[in-house]
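Structure at a glance
Next come the chains, spelled out residue by residue.
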Amino acid sequence: MIADVLTETAGRMERAVEAAKEDFSTVRTGRANPQLFQKLNVEYYGTPTPLAQLASLNNPEARTIIVTPYDKSALKAIEQAIRDMPNLGANPTNDGNIIRVTMPELTQDRRKEYVKLVRSKGEDAKVHVRGIRRKAKDELDALKSEVGEDDLVRAEKDLDALTRSHVDAIDEALKRKEAELLEV
């Protein structure tokens with residue numbers, strides 16, 4: 001029973017770390033990257049739809065992304081969603097067939113803002129991992145009557161080590177992203 005709780009907790013923590021890494025990838029660095037639009041939803045016939053389902057994205061130059069909609073009627077909605085996207089700072093241009101998004105050069109102040117944003121996302125991810133730990137601790141405490149106290153203490157130590165390793169993984173991803181952001 002204890003092993004089941006720890007295995008399930010490890011899986012949830014691993015998914016939280018992956019979600020944090022995905023979240024970090026949506027913050028732009030000096031180079032244009034189609035992953036920036038990974039979480040962008042476009043209002044398409046009244047339904048929020050992921051951009052990847054409505055258009056193809058390619059990156060012909062370092063600071064340019066070309067969005068080619070599969071349905072030309074969605075062109076305006078896609079353009080508006082990109083324009084309204086927070087923390088992007090780009091102004092999309094529409095030629096009737098494609099949308100060209102040219103990313104502005106990052107200033108030092110903007111880079112520092114992005115570092116703050118990434119740190120805040122990292123802290124949110126760590127809080128999430130600690131929340132998963134708290135739930136697992138409650139589940140272990142519920143097993144108190146069925147297992148010995150020594151097993152419970154050992155399981156809590158394992159749970160703490162598991163939490164520490166996942167928080168460290170988030171910190172490592174955060175350091176890499178900060179270095180990437182501050183690189184000129």
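Coordinates for the structure precede this section.
Just so we're clear, the structure is a prediction, and the values are computed from it rather than from any experiment.

Criteria and thresholds
Within each chain, residues carry numbers counting from 1 in the order of the written sequence. Totals for whole chains, interfaces and linings use every residue, but because this is a predicted model, local features are given only for residues with pLDDT of at least 70 and side-chain atom pairs only at 80 or more, for both listing and counting. As a rule here, side-chain values cover all heavy atoms of the structure and leave hydrogens and water aside. We count a stretch as a helix when DSSP gives it H or I for four or more residues in a row; a strand needs E for two or more, and each element gets its number in order from the N terminus. Our radius of gyration is a C-alpha quantity, and the globule rule it is checked against amounts to 2.2 Å times the number of residues to the power 0.38. Classification of residues uses two cut-offs on accessible area relative to the type maximum, computed with a 1.4 Å probe and protein chains only: under 20% is buried, over 50% is exposed, and between them is partly exposed. We call two residues in contact when some of their heavy atoms are within 4.5 Å. Residues scored as charged are limited to Lys and Arg (positive) and Asp and Glu (negative), so that His and the chain ends carry no count. Charged groups are reduced to one reference atom each: NZ for lysine, CZ for arginine, CG for aspartic acid, CD for glutamic acid. Helix span is expected to be 1.5 Å times the residue number reduced by one. Between any two strands, at least two bridges found by DSSP are needed for them to pair. Throughout, an axis means a line fitted to C-alpha atoms (over the contacting stretch in the case of helices), and angles, computed between N-to-C directions, take values from 0 to 180 degrees. Nine residue types can take part in a nonpolar core, namely buried Ala, Val, Leu, Ile, Met, Phe, Trp, Tyr and Cys, and a core is a set of them joined through side-chain atoms within 4.5 Å.

On to the overall build of the chain. Secondary structure summary: the chain contains five helices and six strands in total. Helices and strands in the chain line up, N terminus first, as α-β-β-α-β-β-α-β-β-α-α. Taken over the C-alpha trace, the chain has a radius of gyration of 21 Å; the compact-globule value for 184 residues is 16 Å, which it surpasses by more than 25%. Projected onto its principal axes, the C-alpha coordinates of the chain cover approximately 70 × 40 × 20 Å. Out of the 184 residues belonging to the chain, those deemed buried represent 38%. Sequence-distant contacts in the chain: of pairs separated by 6 or more residues, those separated by 24 or more amount to 63%. A gap of 5 Å separates the mean positions of the 30 positive and 33 negative side-chain charges of the chain.

Quick look at helix H1 (residues 2-25) now. Residue pairs three or four apart in sequence face the same way in an α-helix, which turns once every 3.6 residues. If you check H1, its first and last C-alpha atoms are 35 Å apart, about what 24 residues at 1.5 Å a residue would give, namely 34 Å. All of the buried residues along H1 are Ile-2, Val-5, Leu-6, Thr-9, Met-13, Ala-16, Val-17, Ala-20, Phe-24 and Ser-25. Those residues of H1 that are buried lie in contact with helix H4 (108-142) and helix H5 (149-182).

Turning next to the sheet that holds strand S6 (residues 99-102). If you walk across this open sheet you meet the four strands as S3-S4-S6-S5, and the pairing is antiparallel. Where the open sheet ends on each side, the last strands, each with one partner, are strand S3 (55-61) and strand S5 (91-94). Looking at each pair of strands side by side, their axes are set apart by 25 degrees on average, direction ignored. Relative to strand S4 (residues 64-69), S3 runs antiparallel, the two sharing five bridges. Note that in S4 the partner of Ala-55 across the bridge is Pro-69.

This next bit is on the nonpolar core. Formed by 21 residues in total, the largest nonpolar core has its most connected members in Phe-37, Val-67, Ile-78, Ile-82 and Met-103. Broken down by secondary-structure element, the contributors of at least two residues to this core are helix H2 (51-54), S4, helix H3 (75-84) and S6. Broken down by element, this core gets its largest block of residues, four residues, from H3. Val-17, Ala-125, Val-129 and Val-167 belong to the second largest nonpolar core, which has ten residues in total.

Let us now look at the environment of Val-147. For Val-147, the location among the structural elements is in the loop between H4 and H5. Separated by 13 residues in sequence, Val-147 and Arg-134 place their C-alpha atoms 19 Å apart. With near-sequence residues (within four places) excluded, Val-147 lies in contact with Ile-2 and Leu-152.

Such coordinate-based values are descriptive only and should not be taken to indicate function.
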